[in-house]
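Analysis of the macromolecular model
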2 protein chains.
Amino acid sequence: MSRPRPTLAAVAARAGVALSTASLVYSGSERVAPGTRERVLGAAAELGYGGPDPVARSLRSRRSGIVGAVVGERLMYAFRDPVAVLLLDGITEVLGPLGVGLLLLPGDRERSGPSVAQLSRVPLDAAVYATCGLEDDPALEHLRRRGVPVVAVEGPVADDLVLVGIEDRAGSAALAEHLRDLGHRRVAVVAMPLRLDGTRGPVDAARRSLVHYRDVRERLLGVEQVLGSVPAVEAAANAVEEGERAARALLDRPAATRPTAVVAQSDLLAAGVLRAAAALGLAVPGDLSVVGFDGVDLPWLAPAVLTTAVQPTQEKGRAAGRAAAALIEGRRPDDLVLPVELRVGTTTGPAPAAR
Amino acid sequence: MSRPRPTLAAVAARAGVALSTASLVYSGSERVAPGTRERVLGAAAELGYGGPDPVARSLRSRRSGIVGAVVGERLMYAFRDPVAVLLLDGITEVLGPLGVGLLLLPGDRERSGPSVAQLSRVPLDAAVYATCGLEDDPALEHLRRRGVPVVAVEGPVADDLVLVGIEDRAGSAALAEHLRDLGHRRVAVVAMPLRLDGTRGPVDAARRSLVHYRDVRERLLGVEQVLGSVPAVEAAANAVEEGERAARALLDRPAATRPTAVVAQSDLLAAGVLRAAAALGLAVPGDLSVVGFDGVDLPWLAPAVLTTAVQPTQEKGRAAGRAAAALIEGRRPDDLVLPVELRVGTTTGPAPAAR
DNA sequence: TTGAAAGCGTTACCAG
DNA sequence: CTGGTAACGCTTTCAA
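This part takes up the protein's contact with DNA strand D. What surrounds DNA strand D is a group of 27 residues, the closest being A18 and S20 of chain A together with L8, S20 and A56 of chain B. Counting only elements with at least two residues in the surface near DNA strand D, the list comes to α2 (19–26) and α4 (54–61) of chain A together with α1 (8–15), α2 (19–26) and α4 (54–61) of chain B. For the surface near DNA strand D, the element with the most residues is α4 of chain B, which contributes five residues. Among the residues forming the surface near DNA strand D, the class breakdown is 14 nonpolar, eight polar and five charged.

As a further point, take helix α14 (residues 313–328) of chain B. All names here are of chain B. The terminal C-alpha atoms of α14, which comprises 16 residues, lie 23 Å apart, in line with the 22 Å expected from a rise of 1.5 Å per residue. Burial analysis of α14 places 12 of its 16 residues in the buried class, which makes it a mostly covered element. The set of residues buried in α14 consists of T313, K316, G317, R318, A319, A320, G321, A323, A324, A325, L327 and I328. Among the structural elements, β1 (66–70), α6 (82–95), β3 (126–129), β4 (150–153), β5 (161–166) and β12 (336–338) are those in contact with the buried residues of α14. Phi turns positive one or two residues past the end of α14, at G330, with a value near 90°.

Bringing the sheet that holds strand β9 (residues 261–264) of chain B into the picture now. Residues and elements named next belong to chain B. Across the sheet, five strands lie side by side as β7-β8-β6-β9-β10; this open sheet has mixed pairing. Lying at the two open borders of the sheet, with one neighbouring strand each, are β7 (201–202) and β10 (289–291). In this sheet, strand β8 (residues 232–234) lies alongside β7 in antiparallel orientation, the contact comprising two bridges. Paired with G201 across the bridge in β8 is E234. In this fold helix α11 (residues 214–227) packs onto β6 (187–191), β8 and β9, with an angle of close to 175° to the strand it touches most, β6.

Around DNA strand C, the surrounding shell holds 27 residues, and the nearest of these are T7, L8, S20 and A56 of chain A together with S20 of chain B. For the surface near DNA strand C, the elements supplying multiple residues, two or more each, are α1 (8–15), α2 and α4 of chain A together with α2 and α4 of chain B. The residue inventory of the surface near DNA strand C, partitioned by class, reads 14 nonpolar, eight polar and five charged.

Right, let's get into the packing of helix α12 (residues 240–251) of chain A against helix α13 (residues 267–279) of chain A. Residue and element names in this part refer to chain A. The N-to-C vectors of α12 and α13 enclose an angle of 50°; their axes lie 7 Å apart at closest approach. Judged on the interaxial angle alone, α13 and α12 are oblique. Between α12 and α13 lies a crossing whose hand is right-handed. Here V240, E241, E242, G243, E244, A247, R248 and L251 of α12 come into contact with α13, specifically with L268, L269, A270, A271, G272, V273, R275, A276 and A277.

All names here are of chain B. Running from amino to carboxyl end, α2 crosses helix α3 (residues 34–47) at an angle of 90°, the nearest separation of the two axes being 10 Å. Put simply, α2 runs roughly perpendicular to α3. Here T21, A22 and V25 of α2 lie close against α3, whose contacting residues are T36, R37, V40 and L41. Partitioning the contact of α2 with α3 into residue classes produces four nonpolar, two polar and one charged.

This part covers the pairing of strand β6 (residues 187–191) of chain A. All names here are of chain A. In terms of burial, β6 is a largely internal element, five of the five residues being buried. Side chains of β6 alternate between two faces, with V187, V189 and A191 and A188 and V190 buried alike. The pairing of β6 with strand β9 (residues 261–264) spans four bridges and is classified as parallel. The partner of V190 across the bridge, within β9, is A264. With three bridges joining them, β6 and strand β8 (residues 232–234) adopt parallel strand pairing. Counterpart to A191 in the pairing with β8 is E234.

It is worth spelling out the interface of chain B and chain A at this point. At the interface, 46 residues of chain B touch 46 residues of chain A. Looking at the side of chain B that touches chain A, the elements that each hand over two or more residues are α4, α5 (75–78), α6, β2 (101–105), α7 (116–119), α8 (138–146) and α12 (240–251) of chain B. By residue class, the composition of the side of chain B that touches chain A is 23 nonpolar, 15 polar and eight charged. Alignment of strand β2 (residues 101–105) of chain A against β2 of chain B, held across three bridges, turns out to be antiparallel. Note that in β2 of chain B the partner of L102 of chain A across the bridge is L104 of chain B.

In this section: the sheet that holds strand β10 (residues 289–291) of chain A. Residue and element names in this part refer to chain A. Read from one edge of the open sheet, five strands run β7-β8-β6-β9-β10, paired in mixed fashion. Either end of the sheet is taken by a strand with one partner, and the two such strands are β7 (201–202) and β10. Where α12 meets the sheet, it contacts β6, β8 and β9, and its direction lies at approximately 150° from that of β6.

Turning our eyes to something else, we now look at the relation of the copies chain B and chain A. Once chain B has been moved 0.0 Å along the axis and rotated by 180°, it coincides with chain A to within an RMSD of 0.1 Å. As the rotation angle and translation indicate, the two copies are arranged about a two-fold axis. For chain B, the smallest separation between a C-alpha atom and the rotation axis is recorded for L103 of chain B, amounting to 2.1 Å. When you check the interface residues of chain B against chain A, 98% turn up at the interface there too, and the contact is symmetric in its surfaces.

Before going further, it helps to spend a moment on the environment of G321 of chain A. All names here are of chain A. Mapped onto the elements, G321 comes out in helix α14 (residues 313–328). In the structure, G321 is positioned 76 residues away from R245 in sequence and 35 Å away in space, judged by C-alpha atoms. Sequence-distant contacts of G321, defined by excluding residues within four places in its chain, comprise G90, I91, E93, V94 and L95.

The subject of this paragraph is the domain arrangement of chain A. The domains assigned to chain A are domain 1 (1–48), domain 2 (66–166 + 313–338) and domain 3 (168–311). Once you take the C-alpha centre of each, domain 1 of chain A and domain 2 of chain A turn out to be 37 Å apart.

A separate point is α6 of chain B. With 14 residues, α6 of chain B extends 20 Å between its outermost C-alpha atoms, agreeing within 8% with the 20 Å of an ideal straight helix rising 1.5 Å per residue. Among the residues making up α6 of chain B, those that are buried are P82, V83, A84, V85, L86, L87, L88, D89, G90, I91, T92 and L95 of chain B.

Within the largest apolar cluster, 202 residues are counted, with the highest numbers of intra-cluster contacts made by V128 and V151 of chain A together with V128 and V151 of chain B. When near neighbours in sequence (up to four residues on either side) are disregarded, V151 of chain A contacts A126, V128, V162, V164, A320, A323, A324 and L327 of chain A.

It is worth spelling out unusual backbone geometry at this point. Note that the residue after A302 of chain A, namely P303 of chain A, is joined by a cis bond; omega there is 10°. Locating P303 of chain A in the fold gives a position in the loop between β10 and β11 (308–310). Unusually for a residue other than glycine, R62 of chain B sits at a positive phi of about 55°. Among the structural elements, R62 of chain B can be located in the loop between α4 and β1.

Take the environment of D89 of chain B next. In this structure, D89 of chain B sits in helix α6. Exposure remark for D89 of chain B: the 23 C-beta atoms within 10 Å place this residue in the buried category. Residues D89 of chain B and A324 of chain B, 235 residues apart in the sequence, show an inter-C-alpha distance of 14 Å. Leave out the neighbours within four places in its chain, and D89 of chain B touches R74, L75 and M76 of chain A together with Q314 and G317 of chain B.

Turning our eyes to something else, we now look at the environment of V284 of chain B. Residues and elements named next belong to chain B. Within the secondary structure layout, V284 lies in the loop between α13 (267–279) and β10. Separated by 268 residues in the primary sequence, V284 and G16 have C-alpha atoms spaced 78 Å apart. Setting aside its immediate chain neighbours within four residues, V284 contacts L274, A277, V290 and T347.

Rules and cut-offs
- Residues numbered from 1 in each chain as written.
- Chains lettered and ligands numbered in written order.
- Predicted model: local features only at pLDDT ≥ 70, side-chain atom pairs only at ≥ 80, totals over all residues.
- Near = placed C-beta within 6 Å.
- Helix = DSSP H or I, 4+ residues; strand = E, 2+ residues; numbered from the N terminus.
- Nonpolar A, V, L, I, M, F, W, Y, C, P; charged D, E, K, R; others polar.
- Expected span 1.5 Å × (residues − 1).
- Buried ≥ 20, exposed ≤ 12 C-beta atoms within 10 Å, placed from the backbone.
- Contact = placed C-beta atoms within 7 Å.
- Pairing = 2+ DSSP bridges.
- Axes fitted to C-alpha atoms, helices over the stretch in contact; angles between N-to-C directions.
- Parallel < 35°, antiparallel > 145°, perpendicular 65-115°, else oblique.
- Left-handed = near helix turned anticlockwise from the far one by under 90°.
- Least-squares fit on C-alpha atoms with pLDDT ≥ 70 in both.
- Domains from an automatic or database assignment.
- Core = buried A, V, L, I, M, F, W, Y, C linked by C-beta atoms within 7 Å.

Okay, structure coming up:
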């Protein structure tokens, strides 16, 4: 429908300068006479030239200006989690001004990550595992072979991966201590998915050995470090409904055996626990204390203020962005673990028996 | 830190075949002897070759396999809107299996869209204006010059744009009729931002002439078509808090002058209106009826069910994805307007005076 | 079925 | 400051 776009060569010809000179104009070089520059730009305008072709530029400069974000789930699930959104926001905040774009690499129902076929067609300077476990991921193997450096948010420690994480264990331990100090002895955990296979229900040792995510594992360990072994129920997704479902399984029993406190591994799950409590007629924190993790803004919980461990999610994203930028420049940044902070809200109180 | 990646030429040399033959192997051609294929693949494995370089491939094939998603705001704001997320989900659902990736092109605080500098470095086969007005957008001009075809979701009708939209006007009219039939005469509108400049407050004629978004304009017209001119308050963002804020301005007055119904232009804003009503002690629908638009899933509104116009958001995304795919192949798909459906919930009832 | 050669549009280098 | 020329890594005719 349209004839071929003009090339830089055409512009140079029209301006009566060499191709290399015209290129200099677009690379913003100082060493080109103002008159020449104007002539080139004028010719470009006349021809409707839109600037150098990014693909050709990438081929020469060995840099595509694109970082992949491996998301693991379909967007409609992954982005329901404010943590994921804030994380990507932080990444783009850093990468955008550097002229680096973020390419979404979502999984689908079957796969917790992008297909290799999809990955292999895309020019990546680096990849960030944003909301996706990466143990035995075929996509990771492919990236390695391609020589694409990888930033793993909440990922495992590995030689060829840059880790950006938070103090999951310490944060969870602080929450557990808070509950212990309030006199809670029957505490249960509502866990985020250990891996993306749709499993929900009580977590036994076998299931636990399959855990794919650093944050899930560490948050569990943090609680156990303080309270010893506690029963845990896994949610099939990090979502309010799933938290509610898991909490019902935990709470729908006589007061004598019911937990007096629930540690949800995320604020989203905690919101579900609060809904379950309300549905079962349990007062919070009178009958039940609830804590979350993340410190995300859930305005519709008001007037309740969730007791939680606040993580610097956006800063984590920025750090991941900076790490990716460093890798692109050939540097190898250090692993980074950011602190979390205990925030005591209105959803925790003394254990019922202790009142 | 690492020696240069092996190229296809190196693989071919090692396998003792010509470069072009090796290329054939990777393009999945049938016309290569099984033995030869194995030899090439073997050599590739030995060399740790990860497949053809996508950039070089793109240069030859004149196709990058990347579609840009123009988002307009920072992700943390844009993705708070479930409509935006579902839209992108629908797009990736179609594009992913086609081997086409989605690149995020968010704006920042200052700009309602990506900078031209950013845009010009990225290889795009097409762009989708997902959640972003595009009247007098410099980025759009740049895309035109580059010859990048554009799909405009809820965008204006234009010759060089493919429009994918919904029946905004008819949907709003249906909602207005519903309210009119319930006896409401004092109706007010809480509008989504007319453009992204942080403005909030009453909408006058001057402000209204600045409207950037097709859906905002059409939804306003739909209401007026049924009820005539109605007062409208603009929210600074499509978010719950903003809806609440706008509603307070509208509702915090004596019952005699207070609207008996509020038409929010989105479910998110409607949720805010419901919160404001609760805060002001107004019963819904006893004292006030509230309608939204979109039909998004806001589980925390339960047990209330919002009266709203349900749009096929994900299908709209899929349609946008299909349109982009068609444009990449050089076809020019028709504009598409999808239907919306009135859903009567529990937030609307007879006007107080009419009871 | 395989091989040779011609680009794709640009940048980087080296002369002048 | 400007001009020539050689890559960048691959796909795609066209012959053999």
